[in-house]
Amino acid sequence: MLDLAAQHAAIQPELDEALRHTLHEAAFIQGPAVGEFAQELSDYLGGPHIVPCANGTDALQLALMSLSLPAGAEIIMPAFTYVATLEAAAILGLRPVPVDVRPDTFNLDPAAVEAAITPRTGAIIVVHLFGQCADLPVLLSIGEKYGVPLIEDNAQAIGATCQLADGRRVAAGTAGYAGTTSFFPSKNLGALGDGGALFTQDAARAQLLRQLANHGQTRKYHHEYIGLNSRLDTLQAALLRVKLRHLPAWTARRQRLADQYDSALADVAGLRVPARDPRSTHVFHQYTLIVEEAASGSNRRDELQRFLQERGIPSVVYYPLPNHLQPAYGYLGYRAGQFPVAERLCRTVLSVPIHPTLSDEQVAYVAQTIRQF
Ligand SMILES: *Cc1c(COP(=O)(O)O)cnc(C)c1O
């Protein structure tokens, strides 16, 4: 799906230099590159405070920890997302409250969010799935109306922007109470290992998050809070500094390839290309097709996947089983049928290769093979 070796080969001398420098400097924890990367990422995102941490799941957990919610507080989130969104709430003894998503953008349905709000609601986690912003203008106003903070899980949409109701354009992850991201190697901005970060516009909140990520300490050996040991390695920060310089070009390349897929596939019966929300840019972490179900409920998604595989084309189902039906979350008491859109997406989505080192010819071959099917 993703040719990281080719992507790295293109910038090998820069990565080598970052590695060499980090080895030489030997400040492996909280070395200078961590702060430098945070500053450069902040510049790229329009100036939010950046709190680096160990991974995107920790980032979500830290954002929730910073709210000091009572046990059992309800965290509203999409029923269609990576499991980490749920996990971060569950591990803290908070209650994940999945709600259904929109069939076109795969993102949170604001009406379902509003319907799920109760006096116990502690936060809403908005996921910008596959690289496109959820309905931030409406979700922000719902958060404001009920006094509920919005956490943006931006692991998949770094660099996307969204136009808010007042016309302001903001970077994904920087509009709500806090945003989180992941530098897992396969993300649009990926480390050579694990990494993550939080974004916030509020200096005091950034300070609290920084302390929570470092054993809850306010100064060395003074622990005000129960925290985590969740830091971004100096080495990963140094490598991420290199990759961040290339991110705008890589994003533009992903967008061009998506346009190419769109024009080659838009007219295929029974297939839907990714819907685009005019208020958001799309950074195409994934290019996700829908293989429509027949009226009988039958579906040829898995058949298409095999057809592609036999012709040397990888594809992935993100995600095959919704979180509310995962064994680990059975204790929440949800049943099949409660989130019909999310459940249908699990049966009908298929993500095909999209990454910056893919050639026009390769994309044409994938599209042509799908048409042939
Ligand atoms: C990747 C991802 C995460 C978790 O990030 P890690 O760095 O792997 O912990 C969380 N949420 C979403 C939507 C993701 O795609």
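For every chain, the first residue of the written sequence is number 1, and numbering continues from 1 onward in sequence order. Residues qualify for local features only when their pLDDT is at least 70, as the model is predicted, and side-chain atom pairs are given and counted only at 80 or more; totals for whole chains, interfaces and linings, by contrast, use all residues. To obtain the side-chain values, all non-hydrogen atoms of the structure were included, while hydrogens and water were left out.

The chain has the name DegT/DnrJ/EryC1/StrS family aminotransferase in an unreviewed UniProt entry, where Hymenobacter fastidiosus is given as its organism. UniProt positions are given in the numbering used here, feature names are shortened, and annotations may be inferred rather than shown by experiment. The heading Sequence similarities (unreviewed entry) in the UniProt record of the chain holds the text "Belongs to the DegT/DnrJ/EryC1 family."

Draft legend 1. Looking closely at the overall build of the chain. The number of helices and strands found in the chain is 12 helices and 14 strands. The C-alpha radius of gyration of the chain comes to 21 Å, within 12% of the 21 Å expected for a compact globule of 373 residues. Along the first, second and third principal axes, the C-alpha set of the chain runs to 65 × 55 × 40 Å. Only protein chains enter the calculation, and the probe is 1.4 Å; a residue is then buried if its accessible area is under 20% of its type maximum, exposed if over 50%, and partly exposed in between. For the chain, buried positions account for 54% of its 373 residues. Strands are runs of DSSP state E lasting at least two residues, helices are runs of H or I lasting at least four, and both sets are numbered from the N terminus onward. Our radius of gyration is a C-alpha quantity, and the globule rule it is checked against amounts to 2.2 Å times the number of residues to the power 0.38.

Draft legend 2. Quick look at the sheet that holds strand 4 (residues 121-127). When DSSP finds two or more bridges between two strands, those strands count as paired. Pairing within the open sheet is mixed, and its 7 strands lie in the order 1-9-8-5-4-2-3. Taken across any chain shown, the strands that pair with only one partner, and hence form the sheet edges, are strand 1 (49-53) and strand 3 (95-99). For this sheet, the mean inter-axis angle between neighbouring strands, taken without regard to orientation, is 25 degrees. Of the pairings in the sheet, the one linking strand 5 (residues 150-153) to strand 8 (residues 178-182) comprises 3 bridges and is parallel in character. For Glu-152, the partnering residue across the bridge sits in strand 8 and is Gly-179. Contacts are assigned to residue pairs with any non-hydrogen atoms lying within 4.5 Å of each other. All axes are obtained by fitting lines to C-alpha atoms, using only the stretch in contact for helices, and the reported angles, taken between N-to-C directions, cover 0 to 180 degrees. Lying over the sheet, helix 4 (residues 56-65) contacts strand 1, strand 2 (74-78), strand 4, strand 5, strand 8 and strand 9 (196-200), oriented at roughly 165 degrees with respect to strand 8. Relative to strand 1, helix 8 (residues 203-212) is tilted by about 10 degrees, and along the sheet it contacts strand 1 and strand 9.

Draft legend 3. Highlighting helix 10 (residues 301-310). Buried within helix 10 are the following residues: Arg-301, Leu-304, Phe-307 and Leu-308. End-on view of helix 10: buried residues confined to an arc of 120 degrees, all on one side of the axis. What points out from helix 10, more than 90 degrees from its buried face, is the exposed set Gln-309 and Glu-310. As for helix 10, its buried residues are in contact with strand 13 (287-291), helix 11 (340-348), strand 14 (349-352) and helix 12 (360-372). In the stretch just after helix 10, Gly-312 is the one whose phi turns positive, near 80 degrees. This arc corresponds to the set of directions leading from the helix axis out to the C-beta atoms.

Draft legend 4. Region of the structure containing empty space enclosed by the protein. Definitions used throughout: a 1 Å grid over protein atoms alone; a cavity as a set of points that fits a 1.4 Å probe which cannot get out; a pocket as an open set with protein on both sides within 12 Å along at least five of seven lines; a lining residue as one with an atom within 4 Å of a point. Grid points are joined across faces, edges and corners, and a volume is the space filled by probe spheres set on the points. For the coordinates displayed, the defined rule picks out 3 cavities of 30 Å³ or more. In this structure, the largest cavity encloses a volume near 50 Å³. The wall of the largest cavity is formed by Asp-104, Thr-105, Phe-106, Leu-129, Phe-130, Gln-132, Pro-274, Ala-275, His-282, Gln-286 and Thr-288. For this scheme, ten residues count as nonpolar: Ala, Val, Leu, Ile, Met, Phe, Trp, Tyr, Cys and Pro. Four count as charged, namely Asp, Glu, Lys and Arg, and the remainder, Gly too, count as polar. Residues that form the lining of the largest cavity fall into these classes: 5 nonpolar, 5 polar and 1 charged. An automatic or database domain assignment supplies the start and end points of every domain. Both domains that furnish three or more residues to the lining of the largest cavity are identified here as domain 1 (4-99 + 106-242) and domain 2 (247-372).

Draft legend 5. Focus on the environment of Gly-179. Examined against the element boundaries, Gly-179 turns out to sit in strand 8. Along the sequence, Gly-179 and Ser-351 sit 172 residues apart, while their C-alpha atoms lie 25 Å from each other. Setting aside residues no more than four positions away along its own chain, Gly-179 makes contact with Glu-152, Gly-173, Ala-197, Leu-198 and Phe-199.

Draft legend 6. Fine view of the packing of helix 9 (residues 234-265) against helix 12. In contact at an axis separation of 10 Å, helix 9 and helix 12 are set at 30 degrees when each is read in the N-to-C sense. By the angle class used here, helix 9 and helix 12 are roughly parallel. Of the two possible hands of crossing, helix 9 and helix 12 adopt the one that is right-handed. Contacts from Arg-253, Leu-257, Gln-260, Tyr-261, Ala-264 and Leu-265 of helix 9 reach helix 12 at Asp-360, Val-363, Ala-364, Val-366, Ala-367, Ile-370 and Arg-371. Residues belonging to the contact of helix 9 with helix 12 are distributed by class as follows: 9 nonpolar, 1 polar and 3 charged. The cut-offs work like this: below 35 degrees is roughly parallel, past 145 is roughly antiparallel, 65 to 115 is roughly perpendicular, and the gaps in between are oblique. We call a crossing left-handed when the near helix sits turned anticlockwise from the far one by less than a right angle, and right-handed when that turn is clockwise.

Draft legend 7. Representation of the nonpolar core within the structure. We define a nonpolar core as any set of buried Ala, Val, Leu, Ile, Met, Phe, Trp, Tyr and Cys residues linked to one another through side-chain atoms lying within 4.5 Å. One finds Leu-62, Leu-64, Phe-80, Ile-124, Ile-151 and Tyr-261 to be the most contacted residues of the largest nonpolar core, which totals 92 residues. Here this core spans two domains, since at least three of its residues come from each of domain 1 (4-99 + 106-242) and domain 2 (247-372). Beyond its immediate sequence surroundings of up to four residues, Leu-62 is in contact with Cys-53, Leu-198, Leu-209, Leu-212, Ala-213, Leu-228 and Ser-230. With 26 residues, the next largest nonpolar core counts Leu-15, Ala-171, Ala-237 and Trp-250 among its residues.

Draft legend 8. Geometry of the sheet that holds strand 14. Read from one edge to the other, the open sheet built from 3 strands follows the order 12-13-14, with strand pairing classed as antiparallel. Each having just a single partner strand, strand 12 (271-272) and strand 14 make up the two edges of the open sheet. Where strand 12 meets strand 13, 2 bridges bridge the pair, whose relative direction is antiparallel. Its bridge partner lying in strand 13, Leu-271 is registered against Val-291. In this fold helix 9 packs onto strand 12, strand 13 and strand 14, with an angle of close to 20 degrees to the strand it touches most, strand 13.

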